[in-house]
Amino acid sequence: MKEHTGERIAFFGGKGGVGKTTCSAAYALALAEKGRRTLLVSTDPAHSLGDLLNVRTGDEACQVRDFLYVREIDPERASRRYLEEAKENMRGLAAPRLWNEVERQMDFAAASPGADEAALFDEMVSVILEAEGAYDRIVFDTAPTGHTLRLLSLPELMGVWIEGMLARRRKTRELRKMLHNASGLADDDQPEDRVYALLQRRKNRFAFARKRLLDPSFTSFYFVVNPERLSILEAFKARNLLNKYGIPVGGVVVNRVIPEQADGAFLAQRREQEKVHLQEVEKRFGDLPLLHIPLEPKDIQGMEGIRAVSERFRRENFGGI
């Protein structure tokens, strides 16, 4: 990516329905309008980004404004692509008589818990790799919190798993070398270990992703909450888990705050309850940058609707915009 100081990758997450897509789109638009070439990527299976912006989006990046590009990753397509790539890698390694059984076992593995997350994370790593040199910033609009946390914990978990596989493979190579030498053959005659090479490439990809995700000067995670008890509690628990994995949290967006000019007895009562929740936000996240976005009288839709929200990101210099 082009050299400049500050964050390059931003994740927006939170409880379902709090407005992550709106906030991530507004943030991306604010970056683009400052002349930063920005890729906005949705990993949410709900595919609401295109509907929000009133643009046609897909699995390939498309330009929707100057300096702003949008892509919606299709998790099902990512899983199929991930499985086909794995099969292609294995096709030349398994004996022909065993291939049908190998393929059957891989199909079973693809249906196991965590397979979709692994495929989606692999797609995210590909996005980050491909964006090097092409974009100044990447903004991820993520799925609800639990799914996102499983996704972001994968570099640590998969790295450990692959390292174990490599260790076993190294022992196999050493044994093969001993047998090779006992047969009186030169080291140059040993065939290339393609399995080891594939595992090493996977390890390098996950190491790259882990390095990027854990670098606070490169990556930030932003929580979006509503002034409601459950979304605040979920974000707080998620923050503790992100801290455990060392993923930096850059700030919290408090979305749909009742504006001061809103009148009526019902809203006045609701505002009193909201004050309690805003105090809770301050208590739990007061050490982080906070941005309050008021509840709008109409649904936010299209670029003009998003622009009104992006103005608040710029005005508060949230996320270093």
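Residues numbered from 1 in each chain as written. Predicted model: local features only at pLDDT ≥ 70, side-chain atom pairs only at ≥ 80, totals over all residues. Heavy atoms only, no water.

Peer 1: Before we move on, can you summarise the overall build of the protein chain with the specific residues and values?
Peer 2: Counting its secondary structure elements, the protein chain contains eleven helices and eight strands. The buried share among the 321 residues of the protein chain stands at 45%. Considering only intrachain contacts with a sequence separation of at least 6, the fraction spanning at least 24 residues in the protein chain is 77%. Of the accessible surface of the protein chain, which amounts to about 16800 Å², a share of 52% is contributed by carbon and sulfur atoms. (Helix = DSSP H or I, 4+ residues; strand = E, 2+ residues; numbered from the N terminus. Buried < 20%, exposed > 50% of the residue type's maximum accessible area, 1.4 Å probe, protein only. Contact = heavy atoms within 4.5 Å. Areas by Shrake-Rupley, 256 points an atom, 1.4 Å probe, with all protein chains shown as cover.)

Peer 1: Could you give me a rundown of the sheet that holds strand β4 (residues 68–72), with the residues and numbers involved?
Peer 2: Judged by pairing direction, the sheet is mixed, and its eight strands sit side by side in the order β3-β4-β2-β5-β1-β6-β7-β8 without closing on themselves. Here the strands that pair on one side only, and so sit at the sheet edges, are β3 (62–65) and β8 (290–294). Going across the sheet, the axis of each strand differs from the next one's by a mean of 25°, ignoring polarity. The sheet strands contacting helix α1 (residues 20–32) are β1 (9–13), β2 (38–42), β4, β5 (137–141), β6 (219–225), β7 (249–257) and β8, and the helix crosses β5 at an angle near 170°. Each of β1, β3, β4, β7 and β8 touches helix α11 (residues 302–315); the most contacted strand, β8, lies at about 145° to it. (Pairing = 2+ DSSP bridges. Axes fitted to C-alpha atoms, helices over the stretch in contact; angles between N-to-C directions.)

Peer 1: Describe helix α9 (residues 229–245), with residues and values.
Peer 2: In a regular helix each residue adds 1.5 Å, so 17 residues correspond to 24 Å; α9 covers 25 Å between its end C-alpha atoms and thus fits that length. Of all the positions in α9, only Ser231, Ile232, Ala235, Ala238, Arg239 and Leu242 are classed as buried. For α9, the buried positions fall inside an angular range of 130° around the axis, keeping them on one side. Among the exposed residues of α9, those pointing more than 90 degrees away from its buried face are Arg229, Leu230, Lys237 and Lys244. Of the residues one or two after α9, Gly246 is the one with positive phi, at around 80°. (Expected span 1.5 Å × (residues − 1). Arc of directions from axis to C-beta.)

Peer 1: Before we move on, can you summarise the side chain of Thr21 with the specific residues and values?
Peer 2: Within the element layout of this structure, Thr21 appears in helix α1. Side chain to side chain, Thr21 and Asp141 meet in a polar contact 2.9 Å long. (Polar contact = N/O pair within 3.5 Å; in protein donor to acceptor, adjacent residues only side chain to side chain.)

Peer 1: Give me the lowdown on the pairing of β3, citing residues and values where you can.
Peer 2: Taken together, the three bridges between β3 and β4 define a ladder with antiparallel strand orientation. By the bridge assignment for β4, Gln63 is matched with Tyr69. Counting the residues in the hairpin turn of β3 and β4 gives two residues, including Phe67, whose phi is positive at 70°.

Peer 1: Explain the pairing of β7 to me, and be specific about the residues and the numbers.
Peer 2: The buried fraction of β7 amounts to eight of the nine residues, a majority that puts the element mostly inside the structure. Examined bridge by bridge, β6 and β7 share five bridges and lie parallel to one another. Opposite Phe223, over in β7, you have Val252 as the bridge partner. Two strands pair when backbone bridges link them, and β7 and β8 are joined in this way by five bridges, in the parallel orientation. The residue bridging Val252 from the neighbouring strand is Leu290, located in β8. Remark: the β7/helix α10 (residues 265–285)/β8 crossover connection has right-handed handedness. (Right-handed = clockwise from strand over helix to strand, strands pointing away.)

Peer 1: Let's hear about α10: which residues, and what values?
Peer 2: Between its first and last C-alpha atoms α10 spans 30 Å; for 21 residues at 1.5 Å apiece the expected length is 30 Å, and the two agree. Of the surrounding secondary structure, the elements contacted by the buried residues of α10 are β6, α9, β7 and β8.

Peer 1: I'd like a description of the packing of aromatic side chains, backed by residues and values.
Peer 2: The final tally for this structure, using the stated rule, is twelve aromatic pairs. Ring centres of Phe11 and Phe140 lie 4.8 Å apart, and the angle between their planes is 10°; on these two criteria the pair is classed as stacked. With a gap of 129 residues between them, Phe11 in strand β1 and Phe140 in strand β5 connect regions that are remote in the sequence. Judged by its relative accessible area of 2%, Phe11 falls in the buried class. For Phe140, a relative accessible area of 0% translates into the label buried. What links up through ring pairs into an aromatic cluster is the set Phe12, Tyr27, Tyr222, Phe313 and Phe318. When the ring centre of Phe218 is taken as origin, the NZ or CZ atom of Arg212, which lies over that ring, is 4.3 Å away. (Phe/Tyr/Trp six-rings, centres within 6.5 Å; stacked < 30°, edge-to-face > 60°. Lys NZ or Arg CZ within 6 Å of the ring centre and 35° of its normal.)

Peer 1: Report on the nonpolar core, specifying residues and quantitative values.
Peer 2: Judged by nonpolar contacts, the single largest core of 43 residues is most densely connected at Phe11, Phe140, Phe223 and Leu242. The greatest single-element share of this core, amounting to seven residues, is contributed by helix α5 (residues 115–131). Three or more residues apiece are contributed to this core by two domains, here domain 1 (9–161 + 195–254) and domain 2 (266–316). In this structure Phe223 touches Gly13, Ala235, Ala238, Arg239, Leu242, Val249, Gly251, Val252 and Val253, once residues within four positions along its chain are discounted. Among the nonpolar cores identified, the runner-up in size contains 31 residues, and Leu29, Leu52, Val253 and Leu291 belong to it. (Core = buried A, V, L, I, M, F, W, Y, C linked by side-chain atoms within 4.5 Å. Domains from an automatic or database assignment.)

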